[in-house]
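Structural features, examined
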Protein chains: 2
Amino acid sequence: MPKLMNDADAYVDEVLDGLILTDARLAREGRAVTLAEGARKGVAIVSGGGSGHFPLFVGYTAPGFIDACAVGDVFAGPSVAACESAIRAADRGQGALLLYGNYGGDKMNFDMASEMVELDDIRCETVLGTDDIASGGAEEADKRRGVAGLVLLYKIAGAAADRGDDLDTVARITREAGANLRTVGIATSSCTLPGAPGPSFTLEAGKVELGMGIHGEPGLWRDDLRGADALADEMVERLLADPVAQRSGRVCLMLNSLGATPLEELLILYRRAAARLEEAGITVALPMIGHFATSMEMGGMSMSLMHLDEEREALLRAPSDCRYWRV
Amino acid sequence: MPKLMNDADAYVDEVLDGLILTDARLAREGRAVTLAEGARKGVAIVSGGGSGHFPLFVGYTAPGFIDACAVGDVFAGPSVAACESAIRAADRGQGALLLYGNYGGDKMNFDMASEMVELDDIRCETVLGTDDIASGGAEEADKRRGVAGLVLLYKIAGAAADRGDDLDTVARITREAGANLRTVGIATSSCTLPGAPGPSFTLEAGKVELGMGIHGEPGLWRDDLRGADALADEMVERLLADPVAQRSGRVCLMLNSLGATPLEELLILYRRAAARLEEAGITVALPMIGHFATSMEMGGMSMSLMHLDEEREALLRAPSDCRYWRV
């Protein structure tokens, strides 16, 4: 699909220029986007990641979510300088939670940035998004990549910081939420990077891939496309098969379009997934349908399940003001 | 792009089943979706239209927006029965504003339904969405189709009803808002209807069409894809060239993805459009970026401009609770 852009090299900076113009609360310092002073209090929540997944990551720089975001090129991690700028801009003397997806480059650069700022007594704690069950098993959190579920962790962490929890508490609650969060996705068509001669990967017409990563990383299987109900069944089964820390009777169920897949089709999948969960004694307390974490115009969707306790549910429901969040 | 669905004939009903499950405030009677009693007061706002444009139309059945929606098959108007059910369910004795896009079939069926309910003393007023400048000139409101701008009219009408305005007043304010609202769009790739053997229309690779309708109706020109800035310039120029009732210095500018086009690319276009408007002495008071009115997985976007006066701006900013609305 043709892209609506100018020069491919200017893509990310022009996106950020546009974003700043749409939201007076945002400021930009190079590739770090920050929330205006006064919009948040307490512990700073800082994230970052590659572009091409909007609204993830930078779209969640908003009251009740993250305070600052380091922005990388399309599908590439942010620079050390951007990570450092984001942390410094966000810190209010109470330390920063660095909350981002488990990818090698992102981790290396955030680690280096946190070493730099710690020289100036800005304390950092790190929590990684590791929700993707296709990239690692239940006991392999270090292998599992972070995908759409990160948005739910933003909300949990932001709400905990907003109510005045200290850095250790915010980090602990967010880590526990992550231990109770899993995502699985399916892809039906590829995306094209700005300036690239063709699609990032090839998925033959009429095929579907279960568990493909948000940059086209190989998934668990690739096969003929099947009906929505069969796909929903398998996704729910795989999510429930993965043991989490505290399975409870209430969940947040987020169905996320990877880009091109219409929300109508997420509703068809939702109908079946919610029924399956009900059969397993699980109630969807918080349904979410939307474009939360995309891969440009990739076809497909992801299903994220967060098991709730009373505190997590309250934090997910706490007031916030981000235009890309919907409950 | 492959669709995530079961039987094509069940597509719309399964979408509605899913929608109802995601929102406890909604009820369904056949192809009419209604908001629970008590969620609204005063004049009823009723809409309807074909499926395939989600969140338009039915996704806006929410406090502060529409009270009921008659739902047609994909890209087909709703039945008379659905229109009648929607009006009857929504009416609270203060009459109903029928607010939908200017398409022949929709108009015929809503007109018949309003004749039926008027036998039972339910008074109806009709306001048509006619924002698409590609389908008719400034003086040809009867020819102009309704596209994404309808969402802004929902908000205006819903907020006016919420503050207690009577039917004539709600209709007048909504009609005036429509007279100050214009939309132009571009398409870059087609969508495929559920069960159809192939795409609805053909747009050769690397081409763009200005003004294509949301069902693939022919636009103003089709040519080689150009840069985002050139496209934004032409869209703004055409929107400003169309005389509206009351041009003012403040506007709502809504950039809407038709489906597959990423929000990042809308931000690139927004950056240029806002600058162009500023040059013309116009300030964007309300920027909107999102998927508001789609054509399944069509590539492309639309730009809607509503000229604001104090009242319209207040109504657009009034509290509401729809998960598919973002300001």
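Parameters at a glance
- Residues numbered from 1 in each chain as written.
- Chains lettered and ligands numbered in written order.
- Predicted model: local features only at pLDDT ≥ 70, side-chain atom pairs only at ≥ 80, totals over all residues.
- Heavy atoms only, no water.
- Helix = DSSP H or I, 4+ residues; strand = E, 2+ residues; numbered from the N terminus.
- Rg over C-alpha atoms; globule rule 2.2 N^0.38 Å.
- Buried < 20%, exposed > 50% of the residue type's maximum accessible area, 1.4 Å probe, protein only.
- Contact = heavy atoms within 4.5 Å.
- Areas by Shrake-Rupley, 256 points an atom, 1.4 Å probe, with all protein chains shown as cover.
- Pairing = 2+ DSSP bridges.
- Axes fitted to C-alpha atoms, helices over the stretch in contact; angles between N-to-C directions.
- UniProt positions renumbered as here; feature names shortened; annotations may be inferred.
- Salt bridge = Lys/Arg side-chain N within 4 Å of Asp/Glu carboxyl O.
- Polar contact = N/O pair within 3.5 Å; in protein donor to acceptor, adjacent residues only side chain to side chain.
- Nonpolar A, V, L, I, M, F, W, Y, C, P; charged D, E, K, R; others polar.
- Parallel < 35°, antiparallel > 145°, perpendicular 65-115°, else oblique.
- Phe/Tyr/Trp six-rings, centres within 6.5 Å; stacked < 30°, edge-to-face > 60°.
- Lys NZ or Arg CZ within 6 Å of the ring centre and 35° of its normal.
- Least-squares fit on C-alpha atoms with pLDDT ≥ 70 in both.

**Quick word on the overall build of chain A**
Across its full length, chain A carries 8 helices and 12 strands. Relative to the compact-globule value of 20 Å for 327 residues, chain A shows a C-alpha radius of gyration of 19 Å, a close match. Viewed in the frame of its principal axes, chain A has a C-alpha envelope of about 55 × 50 × 35 Å. In chain A, buried positions account for 64% of the 327 residues. Considering only residue pairs separated by 6 or more positions, chain A has 72% of its internal contacts joining residues 24 or more positions apart. Accessible surface, chain A: about 10,800 Å² in total, of which carbon and sulfur atoms supply 49%.

**What about the side chain of Ser302(A)?**
All names here are of chain A. Considering the arrangement of structural elements, one finds serine 302 in strand β12 (residues 299–307). Judged by relative accessible area, serine 302 falls into the buried class, the value being 6%. Setting aside chain neighbours within four positions, we find serine 302 in contact with Ala148, Thr183, Val184, Gly185, Met254, Leu255 and Asn256.

**So, the sheet that holds strand β5 (residues 96–101) of chain B**
Hydrogen bonds between backbone groups are what pair the strands of a sheet, and the pairing can be parallel or antiparallel. Residues and elements named next belong to chain B. Spatially, the 6 strands line up as an open sheet ordered β1-β2-β4-β3-β5-β6, and their pairing is mixed. A single partner strand is all that each edge strand has here, and the edge strands are β1 (26–29) and β6 (124–129). For this sheet, the mean inter-axis angle between neighbouring strands, taken without regard to orientation, is 20°. Inspection of the sheet shows β5 paired to β6 by 6 bridges, in the parallel sense. Counted as the bridge partner of leucine 99 is valine 127 from β6. Against the sheet, helix α4 (residues 150–162) contacts β3 (44–51), β5 and β6, and its axis sits at roughly 170° relative to β5.

**Here's the deal with the UniProt feature "domain: DhaK" (unreviewed entry) in chain A**
Residues given the UniProt feature "domain: DhaK" (unreviewed entry) here are residues 7–325 of chain A. Taken end to end, residues 7–325 of chain A is 32% helix and 24% strand, and its two terminal C-alpha atoms sit 30 Å from one another.

**Some thoughts on the interface of chain A and chain B**
Between chain A and chain B, the residue contacts involve 52 residues of the former and 52 residues of the latter. Salt-bridge contacts for Arg271(B) lead to Glu14(A); the nearest nitrogen and oxygen are separated by 3.4 Å. Our count for the chain A to chain B interface comes out at 21 residue pairs in polar contact (both at pLDDT 80 or more). Contributing elements (two or more residues each) for the side of chain A that touches chain B: α1 (11–22), β7 (181–189), α6 (228–241), α7 (263–279), β11 (283–290) and β12 of chain A. For the side of chain A that touches chain B, the element with the highest residue contribution is α7(A), accounting for 9 residues. A per-class count over the side of chain A that touches chain B returns 27 nonpolar, 14 polar and 11 charged.

**Looking at the packing of α4(B) against helix α8 (residues 310–317) of chain B**
All names here are of chain B. It is at 8 Å that the axes of α4 and α8 come closest, and there the two elements cross at 90°. Here α4 is positioned roughly perpendicular relative to α8, judged by the angle of their axes. Of the residues in α8, those touching α4 at Leu152, Lys155, Ile156, Ala159 and Ala160 are Arg312, Leu315, Leu316 and Arg317. Of the residues in the contact of α4 with α8, the class split is 6 nonpolar, no polar and 3 charged.

**Examining the packing of aromatic side chains**
Residues and elements named next belong to chain A. Counting across every chain of the model gives 10 aromatic pairs over all chains. Ring geometry for tyrosine 60 against tyrosine 154: centres 5.8 Å apart, planes inclined by 55°, an arrangement best described as tilted. Placement of tyrosine 60 in the loop between β3 (44–51) and β4 (68–74) and of tyrosine 154 in helix α4 (residues 150–162) is noted, with a sequence separation of 94 residues between them. Since its relative accessible area comes to 0%, tyrosine 60 is described here as buried. Taken together, the ring pairs connect Tyr60, Phe65, Tyr154 and Trp325 into an aromatic cluster. Positioned above the aromatic ring of tryptophan 221 is the side chain of arginine 226, whose terminal nitrogen or guanidinium carbon lies 4.2 Å from the ring centre.

**Examining the relation of the copies chain A and chain B**
Here chain A sits on chain B after a turn of 180° about the axis and a move of 0.0 Å along it, with an RMSD of 0.0 Å. What we have between these two chains is a two-fold relation. Taking C-alpha positions as the reference, the residue of chain A nearest the rotation axis is Ala260(A), at 1.9 Å.

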